[in-house]
2 protein chains.
Amino acid sequence: MIESGDTKTRILDTAERLFGLKGYENTSLRDITAEAQVNLAAVNYHFHTKDALLDAVIARRVGPVNKRRLDMLDAAGPDPTVEQILTAFLEPVLDIGLESAVPLVGRILSSPDLFLDRVYKRHFLVVSERFRAAMIRALPGAPVDSILWGLLFTVGAMTHMMALSRILPEITAGVCSMTDRPSIVARAVDFLAAGFRAAVHKELICAG
Amino acid sequence: MIESGDTKTRILDTAERLFGLKGYENTSLRDITAEAQVNLAAVNYHFHTKDALLDAVIARRVGPVNKRRLDMLDAAGPDPTVEQILTAFLEPVLDIGLESAVPLVGRILSSPDLFLDRVYKRHFLVVSERFRAAMIRALPGAPVDSILWGLLFTVGAMTHMMALSRILPEITAGVCSMTDRPSIVARAVDFLAAGFRAAVHKELICAG
DNA sequence: GTCTATAACGGGATAGAC
DNA sequence: GTCTATCCCGTTATAGAC
């Protein structure tokens, strides 16, 4: 597992993989520099602190993913379906490196402080707003709180399979795995779209 | 925030709260003993290591929760509905302390190593098997992999709202919060049940 | 830009008196 | 059971030579 590229890229690649594998706190800069075959002081030279290194690792992935999400949402036209919205949200993030970026993002999104300060406030506000608005348009009559809870369940399902991707086969007797990405996206989209629609039906029944 | 009870209980209560608030690695034994107003060495006397303290904190919650889950599943009779199964799975775990146990369990379940070694293998195998079997009975015709993915999405939705419970109002402009537990259970059950049923319908359509 | 060496600190764990 | 004092280790970060 020898990383390629210049020193800075090797540090980023290795940090991403180890942060995803063992978590931020359980990964020392010595672990990273040893595997990346660079000097310990190079981290502080290129990134100043371990904290800033994590920011750099996150930003390198989250920016492009959110751009792809918005592009896919735009490409679906002015009135995307629930399925198109969910696909635009899920597909880009599941399409990043399975061995490194996927577990890392899973960890980040399930950690309240990291998520709030380093992802939500910096990278996620506009995406969140766009997808919320699109879902409200796609589900006329659905109360806003149902939409928000649905998006929360969506992020939860997505985050959990990313966080547990490495041990998925072990806890499902080999049935589930993250390798066949397109089929997983389709499966999740069907499951979640039905959940969103159930909230609308319930509302209509109660109102009528 | 002064904990009550004897030394051992005070340590357990404080550790649970701080592990949930900041995470295991970011909480030192000095943090715990200072807040619990006990001596540092008392931790090692009562629990031997920090690692074993975490096990004790987890076991104290997970055991009773899983017992209640199985009791509720049994109480639903020999052929529980999808909704009854999901309620039996979600309600007990959302009924533990909102300020301490809920965030902690959220963190544990989203951390692959902790989940696998300390929860799944020790406390979760029988529960997992019982709920899997019940769901297969409740959804005749559904392929097993759909059931397993559905349970994964269920655990993901549950885990995520527990892990982010503290910041939920902040990221939803005050719309979502974990305080009204019964309505959250009902909402999640409706959403997830629709997802499970969608997998069956899809299968029947393709087969027919 | 890259390296060696080291400073400065906080952590878990323990010995031994009471 | 409880406390004080301390050991010993790994960590991040930096100083300064090359």
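Residues numbered from 1 in each chain as written. Chains lettered and ligands numbered in written order. Predicted model: local features only at pLDDT ≥ 70, side-chain atom pairs only at ≥ 80, totals over all residues. Heavy atoms only, no water.

**Observations concerning the protein's contact with DNA strand D**
Here is step 1: Neighbouring DNA strand D are 15 residues, the closest being A:Leu29, A:Arg30, A:Lys50, B:Asn39 and B:His46.
Here is step 2: At the protein interface, 56% of the atoms of DNA strand D within 4 Å belong to sugar or phosphate.
Here is step 3: A distance of 3.0 Å is found between a phosphate oxygen of DNA strand D and a backbone nitrogen or oxygen belonging to A:Leu29.
Here is step 4: B:His46 is positioned such that a nitrogen or oxygen atom in its side chain is 3.0 Å from a phosphate oxygen of DNA strand D.
Here is step 5: Those elements that place two or more of their residues in the surface near DNA strand D are α2 (29-36) and α3 (40-47) of chain A together with α3 (40-47) of chain B.
Here is step 6: Per-class residue counts for the surface near DNA strand D are five nonpolar, eight polar and two charged. (Near = heavy atom within 4 Å. Polar contact = N/O pair within 3.5 Å; in protein donor to acceptor, adjacent residues only side chain to side chain. Helix = DSSP H or I, 4+ residues; strand = E, 2+ residues; numbered from the N terminus. Nonpolar A, V, L, I, M, F, W, Y, C, P; charged D, E, K, R; others polar.)

**A look at the packing of helix α4 (residues 50-75) of chain A against helix α5 (residues 82-94) of chain A**
Residue and element names in this part refer to chain A.
Here is step 1: Put simply, α4 and α5 touch, their axes get as near as 8 Å, and they point 155° apart. As far as their axial angle goes, α5 and α4 are roughly antiparallel. Where α4 crosses over α5, the handedness of that crossing is right-handed. Residues Val65, Arg68, Arg69, Met72 and Leu73 of α4 lie in contact with α5, whose contacting residues are Ile85, Thr87, Ala88, Phe89, Glu91, Pro92 and Val93.
Here is step 2: Among the residues forming the contact of α4 with α5, the class breakdown is eight nonpolar, one polar and three charged. (Axes fitted to C-alpha atoms, helices over the stretch in contact; angles between N-to-C directions. Parallel < 35°, antiparallel > 145°, perpendicular 65-115°, else oblique. Left-handed = near helix turned anticlockwise from the far one by under 90°. Contact = heavy atoms within 4.5 Å.)

**Digging into the interface of chain A and chain B**
Interfaces are often described in size by the accessible area the parts lose on coming together.
Here is step 1: Between chain A and chain B, the residue contacts involve 49 residues of the former and 49 residues of the latter.
Here is step 2: Both sides together, the interface formed by chain A and chain B hides about 4,500 Å², and carbon and sulfur atoms give 70% of it.
Here is step 3: On the chain A side of the interface with chain B, the three residues burying the most area are A:Trp149, A:Phe153 and A:Phe191, jointly 18% of the side's total.
Here is step 4: The tally of links from chain A across to chain B stands at seven salt bridges.
Here is step 5: Residue A:Asp145 pairs with B:Arg187 through a salt bridge whose shortest N-O separation is 3.0 Å.
Here is step 6: Seen at the junction of chain A and chain B, the total is ten residue pairs in polar contact (both at pLDDT 80 or more).
Here is step 7: Among the secondary structure elements, those contributing two or more residues to the side of chain A that touches chain B are α6 (101-110), α7 (112-138), α8 (144-163), α9 (168-171) and α10 (181-207) of chain A.
Here is step 8: It is α8(A) that contributes the most residues to the side of chain A that touches chain B, 14 residues altogether. (Buried area = accessible area lost by both parts, 1.4 Å probe. Salt bridge = Lys/Arg side-chain N within 4 Å of Asp/Glu carboxyl O.)

**Quick word on the pattern of salt bridges**
If the charged atoms of two oppositely charged side chains come close together, the side chains can form a pair.
Here is step 1: Summed over all chains, the structure comprises 43 salt bridges over all chains.
Here is step 2: Where B:Arg61 meets B:Glu16, a salt bridge forms, and the shortest distance between an N and an O atom there is 2.7 Å. Residue B:Arg61 is located in helix α4 (residues 50-75), and its partner B:Glu16 is located in helix α1 (residues 7-22); the two are separated by 45 residues in the primary sequence.
Here is step 3: Within this structure, A:Asp13, A:Glu16, A:Arg60 and A:Arg61 form a network of salt bridges that share partners.

**Some details on the protein's contact with DNA strand C**
Here is step 1: Taken together, 13 residues lie around DNA strand C, and A:Asn39, B:Leu29, B:Arg30, B:Asn44 and B:Lys50 are the ones closest in.
Here is step 2: Those atoms of DNA strand C that come within 4 Å of the protein belong to sugar or phosphate at a rate of 52%.
Here is step 3: The side chain of A:His46 places a nitrogen or oxygen atom 3.2 Å from a phosphate oxygen of DNA strand C.
Here is step 4: Measuring from a phosphate oxygen of DNA strand C, one finds a backbone N or O atom of B:Lys50 at 3.0 Å.
Here is step 5: Those elements giving two or more residues to the surface near DNA strand C turn out to be α3 of chain A together with α2 (29-36) and α3 of chain B.
Here is step 6: Split into classes, the residues belonging to the surface near DNA strand C amount to four nonpolar, seven polar and two charged.

**Considering the relation of the copies chain A and chain B**
Here is step 1: At an RMSD of 0.0 Å, chain A and chain B line up after a rotation of 180° and a shift of 0.0 Å along the axis. Those values place the two copies in the arrangement expected of a two-fold rotation axis.
Here is step 2: Residue by residue, 100% of the interface of chain A is reproduced at the interface of chain B, so both copies engage with the same surface. (Least-squares fit on C-alpha atoms with pLDDT ≥ 70 in both.)

**Notes on the side chain of B:Ser110**
Here is step 1: Here B:Ser110 is to be found in helix α6 (residues 101-110).
Here is step 2: Dropping the residues within four chain positions of it, B:Ser110 is found in contact with A:Ser110, A:Ala163 and B:Thr159.

**Considerations on unusual backbone geometry**
Residues and elements named next belong to chain B.
Here is step 1: Within the chain, His48 stands out as a residue other than glycine whose phi angle is a positive 75°.
Here is step 2: Within the secondary structure, His48 sits in the loop between α3 and α4.
Here is step 3: Its identity as a non-glycine residue notwithstanding, Ala173 has a phi of 55°, on the positive side.
Here is step 4: Mapped onto the elements of the fold, Ala173 is located in the loop between α9 (168-171) and α10 (181-207).

**With respect to the domain arrangement of chain A**
Residue and element names in this part refer to chain A.
Here is step 1: Domains assigned within chain A are domain 1 (1-48) and domain 2 (61-207).
Here is step 2: When each unit is reduced to the centre of its C-alpha atoms, the spacing between domain 1 and domain 2 is 29 Å.
Here is step 3: Domain 1 puts seven residues into the contact, and the matching count from domain 2 is eight residues.
Here is step 4: Roughly 670 Å² of surface becomes buried between domain 1 and domain 2 when both sides are summed, with 54% attributable to carbon and sulfur atoms.
Here is step 5: Three residues stand out in domain 1 for area buried against domain 2, namely Glu16, Gly20 and Leu21, and they jointly supply 64% of the buried area on that side.
Here is step 6: Summed over the shared surface of domain 1 and domain 2, the result is one salt bridge.
Here is step 7: Taken together, the connections running from domain 1 to domain 2 amount to five residue pairs in polar contact (both at pLDDT 80 or more). (Domains from an automatic or database assignment.)

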